[in-house]
Amino acid sequence: MKKILLSLLVIFFLFPSLTKAHQPNQSIIYMRVYQKAGIDARFEINVNQLNDALGLKLPKYPKWKDVSPHINRIKAYLLKQTKFSSELGAHDIVFTEADVSSVWTSFGYFIKVPFHLKNTENLPENLKVTYNAFIDEIPNTRNLLTMEYNWKAGLVNNETMFALDFTKGEATKILNLSEKSIWKGFVAMLKQGIWHIWIGLDHILFLLALILPSVVRRKEVVASSSANINDKQPHNIWNWHPVKKFKPAFLYIVKIVTFFTIAHTITLSLAALNIVVLPSRFVESIIALSIGLAAMHNIRPIFKGKDWIIAFVFGLFHGFGFASVMGELGFKGEFLTLTLLGFNIGVEIGQLCIIAAIFPILYFLRNLKFYPKFLVYLSAFLIVISIYWLVERAFDIDLPLDEKIMTTGGDILRFLGLRRPID
């Protein structure tokens, strides 16, 4: 479901970038520069180029079994066509994996071949790169090199800003690695923190579930002696009253955000230091569960008067989720303090922007009669999403977006054993 909800945003905002990244007559070197571990990289080569230049007959959608008989020939060709050197001498290519993988684009499948450059533990100032693959065999070929990761250059998770291009007669160029700035690296991590809270739909929905009750307060209604004892429960569910002033609503937000921030900062730091590392599947499952429990708390309190407990306890697991994001960015422990600080500040900025967008709307709606219904039904819908993601993540399956699941929102109160009081 998360993939479906995000797909339109991805297509709308990222499609132009993706089409720039992969073109039919080009192959790309993606380079990752580490201050201590040296330079890692990978080739991404269009299957059609391999077929045309090497006379292979790979299918349009190749699998490893299709590529494996030709992998040694492919690697030998790449070694012949690609050279790296600097003032430190030659930097030989060492392929780092026996297997390869592939990525699909609108221009077909691209084969990924990862490698490491020898003699780069001490980074050179300038890297001389020759990349002549397919240029002589296929007309109008244009190869590219991009710095996917270089902390001090402020490049993190970069796939669309290319550093060099190689064409007929210009297959050798110089890559400047001397541009170094701790400030650029810090700002890059800050931006990544903002971006990843914005695209983390599960984190956003957890925050939404937490702040929905910020502008109202629950008031207990004791049933009269003549009333049916069963009438008490529904009245407690729906009996929300708007806060009269801005201050208590704002203080509620401050309290929730503070505990959530403290929690995810603790676990993000522990995971980055490899002190505590939890399985990703377990963490993602708990994050999905957190949305449902936070929403359930809005309908039937789990910790009466102690909403901060949910924010703190589950915030710990969200911190592990943020740590896995940093791992996906290629972070290997360099500039640890600044990286954690920048990423954490970015997460907080992104989080505050989300709250700043949602909270005024909730504050404006709080006096309307339908707000209690809105709070309960939206919380119920969040529970449905939570269950859906929990099943997907816990059992590692992709569920279809079943219409029955989408219609469950209207019946979730009955599922929980709740019912709306008769007017």
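As the structure is a computational prediction, the values presented were derived from the model and not from experiment. (Residues numbered from 1 in each chain as written. Predicted model: local features only at pLDDT ≥ 70, side-chain atom pairs only at ≥ 80, totals over all residues. Heavy atoms only, no water.)

Draft legend 1. View of the sheet that holds strand β12 (residues 172–176). Spatially, four strands are ordered β4-β3-β8-β12 in an open sheet, and the strand pairing comes out antiparallel. In this open sheet, the two edge strands, each paired with only one partner strand, are β4 (89–90) and β12. By the bridge criterion, five bridges tie strand β3 (residues 82–86) to strand β8 (residues 126–131) in an arrangement that is antiparallel. Residue S86 lies in a different strand from β8, and its bridge partner there is L127. Here helix α4 (residues 71–81) sits on the sheet in contact with β3 and β8, set at roughly 45° to β3. (Pairing = 2+ DSSP bridges. Helix = DSSP H or I, 4+ residues; strand = E, 2+ residues; numbered from the N terminus. Contact = heavy atoms within 4.5 Å. Axes fitted to C-alpha atoms, helices over the stretch in contact; angles between N-to-C directions.)

Draft legend 2. How the structure looks around the packing of aromatic side chains. Overall, the coordinates contain 16 aromatic pairs when judged by the stated rule. When the centroid spacing of 5.3 Å and the interplanar angle of 40° are considered together, the rings of Y77 and F134 count as tilted. A residue pair is termed long-range when its members are at least 10 positions apart, and Y77 in helix α4 and F134 in the loop between β8 and β9 (143–150) qualify at 57 residues. Between Y371 and F374, the aromatic rings sit 5.7 Å apart at their centres with planes inclined by 50°, giving tilted as the arrangement. (Phe/Tyr/Trp six-rings, centres within 6.5 Å; stacked < 30°, edge-to-face > 60°.)

Draft legend 3. Highlighting helix α12 (residues 371–395). Helix length check: α12, at 25 residues, gives a terminal C-alpha distance of 36 Å against a target of 36 Å (1.5 Å per residue), a fit within 8%. Among the residues trailing α12, D396 stands out with phi positive, at a value near 55°. (Expected span 1.5 Å × (residues − 1).)

Draft legend 4. Representation of the packing of helix α6 (residues 201–211) against helix α8 (residues 246–272). Remark: α6 packs on α8, axes separated minimally by 10 Å, with the N-to-C direction vectors making an angle of 140°. When the interaxial angle is binned, α6 and α8 end up oblique. At the point where α6 passes α8, the crossing takes the right-handed sense. In this structure, α6 uses F206, L207, L210 and I211 to contact α8, whose residues at the interface are Y252, I253, I256 and F260. Of the residues contributing to the contact of α6 with α8, the split by class is eight nonpolar, no polar and no charged. (Parallel < 35°, antiparallel > 145°, perpendicular 65-115°, else oblique. Left-handed = near helix turned anticlockwise from the far one by under 90°. Nonpolar A, V, L, I, M, F, W, Y, C, P; charged D, E, K, R; others polar.)

Draft legend 5. Summary view of a nonpolar patch on the surface. Taken together, the side chains of F246, F250, L251 and V254 define a hydrophobic patch exposed on the protein surface, amounting to about 350 Å² of accessible area. Looking at where F250 falls in the secondary structure, it is placed in helix α8. (Patch = residues over 30% accessible without salt bridge, like charges linked within 9 Å, V, L, I, M, F, W, Y side chains within 5 Å. Areas by Shrake-Rupley, 256 points an atom, 1.4 Å probe, with all protein chains shown as cover. Salt bridge = Lys/Arg side-chain N within 4 Å of Asp/Glu carboxyl O.)

Draft legend 6. Highlighting the side chain of E348. Its location among the elements puts E348 in helix α11 (residues 336–365). In this structure E348 is buried but unpaired, with K255 as the nearest side chain of opposite charge at 17 Å. (Buried < 20%, exposed > 50% of the residue type's maximum accessible area, 1.4 Å probe, protein only. Lys, Arg positive; Asp, Glu negative; His and termini not counted.)

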